[in-house]
Amino acid sequence: MENTKNKIFTNPLFIALVAVFCCALWGSATPFIKIGYSMILPQGNVPSTMLFAGIRFTLAGIITVIIYSIARRTFLVPKKENVGRILTVSCFQTVIQYIFFYVGLANTSGVKGTVASGSSAFFALLIAALVFRQEKLTLKKIVACVLGFAGIVLINLNGLDFTMNFTGDCFVIFSTISSAFSSVLIKKYSKYEDPVTISGYQFIIGGLAMIAVGLALGGNVTFPNAKAVLVLVYLAFLSAIAYSLWGILLKYNAVSKVTVYSFMTPVFGVLLSRLLLSEDSKVAPLNLVITLVLICTGIVMLNYKKDA
């Protein structure tokens with residue numbers, strides 16, 4: 001039974017469908033966060049933004065634990081010896097990543113932030129290969145990541161400049177490195193604990209920490225209507241579902257094979273923002289097509305195997 005499960009989770013088509021679904025969910029976060037901010041938060045208020053994110057992730061963790069407990073007919077509780085591992089993942093995946101991300105994004109453009117965030121697969125590959133020795137760093141993997149990153153740069157080419165500031169661009173890069181570390185750590189710790197359990201409880205711990213930081217800095221969040229509450233609930237649900245499924249993929253597959261799909265997230269972000277937001281999109285259709293070709297080529301390179 002376990003071998004059958006492994007074959008399903010390592011099937012290239014299954015990986016592609018689930019990973020792209022996760023990226024679509026993460027991509028949809030961009031327009032929904034903008035919608036939520038316009039209704040709920042004072043513009044440019046970082047403490048309130050952290051408080052909002054903390055509420056979102058705490059709710060995401062609770063939803064994860066409840067849904068999967070019902071599905072498995074047993075309450076999800078981490079093993080005592082894995083509490084430290086979950087705390088470590090929470091620090092990288094939720095607390096460090098999003099504190100750097102929100103402060104950085106407040107001090108840089110959305111375009112540059114998207115490009116910096118798109119480098120996550122690069123860092124995940126380097127960390128998995130050079131720090132944790134989970135896989136080999138090959139030329140094929142490097143080229144695949146270069147193609148994917150080139151696609152992210154291309155889709156953001158209009159208005160992109162190459163100057164950097166520390167509390168803006170560098171903070172977003174630190175956030176991306178933290179995210180990459182979390183992917184590698186989930187891969188490592190899923191040997192000892194169910195990845196869904198890790199995802200749920202790290203969200204709760206990290207979310208509560210962000211709530212504490214937001215409140216300590218004077219953050220304030222109010223929900224003026226039902227639409228604002230629904231936006232929060234959707235953002236929580238997408239985090240719960242996407243990170244849980246992503247963790248399952250990382251458990252059974254090489255980090256590079258999974259994280260290469262993360263190059264699709266900004267593409268979905270651009271497409272869904274264009275559909276759901278009133279702001280004008282400066283992305284040229286040709287750039288979008290070439291971006292998809294570059295990203296898909298990188299994905300195929302990493303997942304294609306010659307038949308024996």
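Provided above is the structure to which this section pertains.
What you are looking at is a predicted structure, and each value in this text was computed from that prediction instead of being measured.

Q: I tried to follow the overall build of the protein on my own but got confused; where do I start?
A: On a plain count of helices and strands, the protein comes out with 13 helices and zero strands. When the helices and strands of the protein are read in sequence order from the N terminus, they spell out α-α-α-α-α-α-α-α-α-α-α-α-α. Counting only residues that meet the buried cut, the protein has 50% of its 308 residues in that class. Sequence separation of 24 or more characterises 87% of the internal contacts of the protein that already satisfy a separation of 6 or more. When the accessible surface of the protein is summed, it comes to about 14600 Å², and 69% of that surface belongs to carbon and sulfur atoms.

Q: What should I look at first to understand unusual backbone geometry in this one?
A: Excluding glycine, residues mostly carry a negative phi; peptide bonds, for their part, are mostly trans. The phi angle at Arg73 is positive, at roughly 60°, despite the residue not being glycine. Inspection of the secondary structure assignment puts Arg73 in the loop between helix H3 (46-72) and helix H4 (83-105). One non-glycine residue, Arg133, lies in the positive phi region at around 55°. Take Arg133: it is sitting in the loop between helix H6 (120-131) and helix H7 (139-155). Note on Arg133: relative accessible area 66%, which makes it exposed.

Q: Looking at this structure, I do not really get the pattern of salt bridges. What am I missing?
A: Pairs can form between side chains of opposite charge whenever their charged atoms are close. Applying the stated criterion across every chain yields a total of two salt bridges. Asp194 is the partner of Arg72 in a salt bridge, and the nearest nitrogen-oxygen pair spans 2.8 Å. One end of the pair, Arg72, is in helix H3; the other, Asp194, is in the loop between helix H8 (166-189) and helix H9 (195-216), and 122 residues separate them in sequence. Between Lys141 and Glu135 there is a salt bridge, with the nearest N and O atoms lying 2.7 Å from each other. Accessibility assignment for this pair places Lys141 and Glu135 in one class, buried.

Q: Is there a simple way to explain H6 in this structure?
A: Structural remark: α-helix, 3.6 residues per turn; residues separated by three or four positions point the same way. Taking 1.5 Å of rise per residue, the twelve residues of H6 would be expected to cover 16 Å, and the 15 Å separating its terminal C-alpha atoms lies within 8% of that figure. All of the buried residues in H6 are Ser120, Ala121, Ala124, Leu125, Ile127, Ala128 and Ala129. Where H6 terminates, the next one or two residues include Arg133, which has phi positive at roughly 55°.

Q: Help me out: how do you make sense of the packing of helix H2 (residues 12-40) against H3 in this one?
A: How two helices pack is summed up by the angle between their axes together with the distance between the axes. At a minimum axis separation of 12 Å, H2 and H3 run at an interaxial angle of 120°. When the axes of H2 and H3 are compared, the pair comes out oblique. In this structure, H2 meets H3 at a crossing whose hand is right-handed. Seen from H2, the contacting residues are Ala29, Ile33, Tyr37 and Ile40; seen from H3, they are Thr49, Phe52 and Arg56.

Q: Looking at this model, I keep getting lost on the packing of aromatic side chains. Mind explaining?
A: Geometry of an aromatic ring pair is reported as the spacing of the ring centres plus the angle between the planes. Taken as a whole, this structure holds 14 aromatic pairs when the rule is applied. A ring pair is formed by Phe9 and Phe14, whose centres lie 5.4 Å apart and whose planes are at 50°; its orientation type is tilted. Judged by its relative accessible area of 26%, Phe14 is partly exposed. Ring geometry for Phe57 versus Phe203: centroids 5.6 Å apart, planes at 5°, classification stacked. Of the two residues, Phe57 is situated in helix H3 and Phe203 in helix H9; the sequence distance between them amounts to 146 residues. The same class applies to Phe57 and to Phe203, which are both buried. Members of the aromatic cluster, each reached through a chain of ring pairs, are Trp26, Phe57, Tyr98, Phe203, Tyr243 and Trp246. Seen from the ring of Tyr192, Arg85 lies directly overhead, with NZ or CZ sitting 4.0 Å from the centre. Just above the ring of Tyr252 sits the side chain of Lys251; from NZ or CZ to the centre is 5.7 Å.

Definitions and cut-offs
- Residues numbered from 1 in each chain as written.
- Predicted model: local features only at pLDDT ≥ 70, side-chain atom pairs only at ≥ 80, totals over all residues.
- Heavy atoms only, no water.
- Helix = DSSP H or I, 4+ residues; strand = E, 2+ residues; numbered from the N terminus.
- Buried < 20%, exposed > 50% of the residue type's maximum accessible area, 1.4 Å probe, protein only.
- Contact = heavy atoms within 4.5 Å.
- Areas by Shrake-Rupley, 256 points an atom, 1.4 Å probe, with all protein chains shown as cover.
- Salt bridge = Lys/Arg side-chain N within 4 Å of Asp/Glu carboxyl O.
- Expected span 1.5 Å × (residues − 1).
- Axes fitted to C-alpha atoms, helices over the stretch in contact; angles between N-to-C directions.
- Parallel < 35°, antiparallel > 145°, perpendicular 65-115°, else oblique.
- Left-handed = near helix turned anticlockwise from the far one by under 90°.
- Phe/Tyr/Trp six-rings, centres within 6.5 Å; stacked < 30°, edge-to-face > 60°.
- Lys NZ or Arg CZ within 6 Å of the ring centre and 35° of its normal.

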